[in-house]
Amino acid sequence: MSLVRRATPEDAVEVLRLRQVMIDSMAGSEPGTAWHAQALPGLRQRLEGDEDFAAFVVDHPDRPEALAALAVGTVDYRIGKAANPRGRAGYVFSVATDPDARRRGYARTCMEELLSWFRARGAGQVLLTASAEAEPLYASLGFVRKPDPAMGLTL
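What you see is a predicted model; the values in this text were computed from it and never measured.

Visitor: I would appreciate a short explanation of the overall build of the chain in the present structure.
Guide: Broken down by element type, the chain carries four helices and five strands. Walking the chain from its N terminus toward its C terminus, one meets helices and strands in the order β-α-α-β-β-β-α-β-α. Relative to a compact globule of 155 residues, whose C-alpha radius of gyration would be 15 Å, the chain shows 16 Å and is just as compact. The principal-axis extent of the C-alpha atoms belonging to the chain is close to 45 × 40 × 30 Å. Considering only contacts in the chain between residues 6 or more positions apart, those separated by 24 or more positions represent 65%. Surface summary for the chain: the accessible area is close to 9,700 Å², and the carbon and sulfur share equals 54%. Across the chain, the centroid of the 19 positively charged side chains sits 6 Å from that of the 20 negatively charged ones.

Here you go:
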């Protein structure tokens, strides 16, 4: 039996908790969890049945009702290009492991399941932003660093 399972709406609070673990580990992140209340309804809805959104999780082995790790992503349509003619692209935006469950391969297992899901959805490429700590995991899965001139705007 696999350790990894698809997250359900009942996991939403724990998914947000682990997302916060990831956010808190990033330099320059905005502290606080007040946003969780606003994010929870939308997350539950997507976990219920959004065909282009998936979260894969591992239950915490030592704490019932808690999650040990997660990998979350979405599939978008972008106009095709030579490297991805169908234009389906996966984007990984949350990978986190509970601090007391690290170094057990949980994040890798969740990522492998998410990558399989991307393939099944027809994604021709997968994008993510890697922390220095996580980069070896992603490199071992085949990701390569790109000279990306990404910019952002908060609306």
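Visitor: Would you mind showing me how to read the nonpolar core here?
Guide: Across soluble globular proteins, nonpolar side chains have a tendency to be buried as a group. Among the nonpolar cores identified, the biggest contains 24 residues, and Val 95, Met 111, Leu 114, Trp 117, Phe 118 and Tyr 138 are the most heavily contacted of them. Broken down by secondary-structure element, the contributors of at least two residues to this core are strand 2 (53-59), strand 3 (67-77), strand 4 (88-97), helix 3 (106-120) and helix 4 (135-140). Tallying contributions element by element places helix 3 first for this core, with eight residues.

Visitor: Is there a simple way to think about the environment of Pro 149 in this case?
Guide: The residue Pro 149 is located in the segment after helix 4 in this model. Sequence separation between Pro 149 and Leu 16 is 133 residues; the distance between their C-alpha atoms is 29 Å.

Visitor: Would you mind going over unusual backbone geometry with me for this structure?
Guide: Negative phi characterises most residues that are not glycine, and trans characterises most peptide bonds. At Glu 65, a residue that is not glycine, the phi angle is positive and equals roughly 75°. Within the secondary structure layout, Glu 65 lies in the loop between strand 2 and strand 3. Of note in this structure, Arg 103 is not a glycine but carries a positive phi near 70°. Here Arg 103 falls in the exposed class, since its relative accessible area comes to 85%.

Visitor: Hey, could you run me through helix 1 (residues 12-24) in this one?
Guide: Think of an α-helix as turning once every 3.6 residues; residues three or four places apart then point the same way. With 13 residues, helix 1 ought to run about 18 Å at 1.5 Å a step, and its terminal C-alpha atoms sit 18 Å apart, in line with that. When helix 1 is considered as a whole, its buried residues turn out to be Ala 12, Glu 14, Val 15, Leu 16, Leu 18, Gln 20, Val 21, Met 22 and Ile 23. Buried-residue contacts for helix 1 involve helix 2 (36-49), strand 3 and strand 4.

Visitor: Help me understand the packing of helix 1 against helix 2 in this model?
Guide: Two measures define how a pair of helices packs: the angle their axes make with one another and the distance between the axes. One way to put it is that helix 1 packs onto helix 2 with a least axis distance of 9 Å and a crossing angle of 120°. Relative to helix 2, the element helix 1 lies oblique. Seen along the crossing, helix 1 lies across helix 2 with a hand that is right-handed. Every residue of helix 2 that contacts helix 1 at Ala 12, Val 13, Val 15, Leu 16, Arg 17 and Gln 20 is listed here: His 36, Ala 39, Leu 40, Leu 43, Arg 44 and Leu 47.

Conventions we followed
- Residues numbered from 1 in each chain as written.
- Predicted model: local features only at pLDDT ≥ 70, side-chain atom pairs only at ≥ 80, totals over all residues.
- Heavy atoms only, no water.
- Helix = DSSP H or I, 4+ residues; strand = E, 2+ residues; numbered from the N terminus.
- Rg over C-alpha atoms; globule rule 2.2 N^0.38 Å.
- Contact = heavy atoms within 4.5 Å.
- Areas by Shrake-Rupley, 256 points an atom, 1.4 Å probe, with all protein chains shown as cover.
- Lys, Arg positive; Asp, Glu negative; His and termini not counted.
- Charge placed at Lys NZ, Arg CZ, Asp CG, Glu CD.
- Core = buried A, V, L, I, M, F, W, Y, C linked by side-chain atoms within 4.5 Å.
- Buried < 20%, exposed > 50% of the residue type's maximum accessible area, 1.4 Å probe, protein only.
- Expected span 1.5 Å × (residues − 1).
- Axes fitted to C-alpha atoms, helices over the stretch in contact; angles between N-to-C directions.
- Parallel < 35°, antiparallel > 145°, perpendicular 65-115°, else oblique.
- Left-handed = near helix turned anticlockwise from the far one by under 90°.

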